[in-house]
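This is what each chain is made of:
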Amino acid sequence: QVQLVESGGGLVQAGGSLRLSCAASGRTFSNVAMGWFRQAPGKEREFVAAINWSGGSTLYADSVKGRFTISRVNAKNTVYLQMNSLKPEDTAVYYCAAGKVRVAYTALSTYGSWGQGTQVTVSS
């Protein structure tokens, strides 16, 4: 399976921006979908965004649509999450995940490898 390491989290003011990165090891990176999920204290992990194997299609949660952008550079084994117009409710630990197949889905069960997460805190 793919090994994943997230980075780029931090503390930002509401309305600010952050870009998260997920570095993957393994030669299967370009053959699977990738996703971003987040988990706030006391809540279940929820879907944020996903991108298919080639980067040709993307999916977003309604709560982040228009503000977040997922992208990938397969030659660098890296997936990104550009987060703009951040809100306090975006505060969570953000996790990168590698899918089991090439098509992007929103369900946690379709992802087989997970990073350890990076904290994003948005102050008001």
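That block above? That's the structure.
Quick summary incoming for the structure in this document.

Things to note about the state of the cysteines
And then number 1: Summed over the entire model, instances satisfying the criterion amount to 1 disulfide.
And then number 2: Here C22 engages in a disulfide with C96; their sulfurs sit 2.1 Å apart. Its S-S torsion of approximately -80 degrees makes the covalent link between C22 and C96 left-handed. Of this pair, C22 sits in strand β3 (residues 18–25) while C96 sits in strand β9 (residues 92–99), and the two are 74 residues apart along the sequence. The same class applies to C22 and to C96, which are both buried.

Section: unusual backbone geometry
And then number 1: Here the phi dihedral of N77 falls at roughly 55 degrees; this positive angle occurs in a residue that is not glycine.
And then number 2: Relative to the helices and strands, N77 resides in the loop between β7 (68–73) and β8 (78–83).
And then number 3: Here N77 falls in the partly exposed class, since its relative accessible area comes to 26%.
And then number 4: In the Ramachandran plot, S85 falls in the positive-phi region, its phi being about 50 degrees despite a non-glycine side chain.
And then number 5: Following the sequence through the fold, S85 ends up in the loop between β8 and β9.
And then number 6: Note on S85: relative accessible area 41%, which makes it partly exposed.

Description of the side chain of R72
And then number 1: Looking at the element boundaries, R72 is found in strand β7.
And then number 2: For R72, which is buried and forms no salt bridge, the nearest opposite charge comes from E6, at a distance of 14 Å.
And then number 3: Within the structure, R72 has its side chain in polar contact with the side chain of N74 (distance 2.7 Å).

Describing a nonpolar patch on the surface
And then number 1: Taken together, the side chains of V101, V103 and Y105 present a nonpolar region at the surface, about 260 Å² in accessible area.
And then number 2: With respect to the element layout, Y105 can be found in the loop between β9 and β10 (111–114).
And then number 3: Taking relative accessible area as the criterion, Y105 reaches 40% and is therefore assigned partly exposed.

Cut-offs applied
Residues numbered from 1 in each chain as written. Predicted model: local features only at pLDDT ≥ 70, side-chain atom pairs only at ≥ 80, totals over all residues. Heavy atoms only, no water. Disulfide = S-S within 2.5 Å. Helix = DSSP H or I, 4+ residues; strand = E, 2+ residues; numbered from the N terminus. Buried < 20%, exposed > 50% of the residue type's maximum accessible area, 1.4 Å probe, protein only. Lys, Arg positive; Asp, Glu negative; His and termini not counted. Salt bridge = Lys/Arg side-chain N within 4 Å of Asp/Glu carboxyl O. Polar contact = N/O pair within 3.5 Å; in protein donor to acceptor, adjacent residues only side chain to side chain. Patch = residues over 30% accessible without salt bridge, like charges linked within 9 Å, V, L, I, M, F, W, Y side chains within 5 Å. Areas by Shrake-Rupley, 256 points an atom, 1.4 Å probe, with all protein chains shown as cover.

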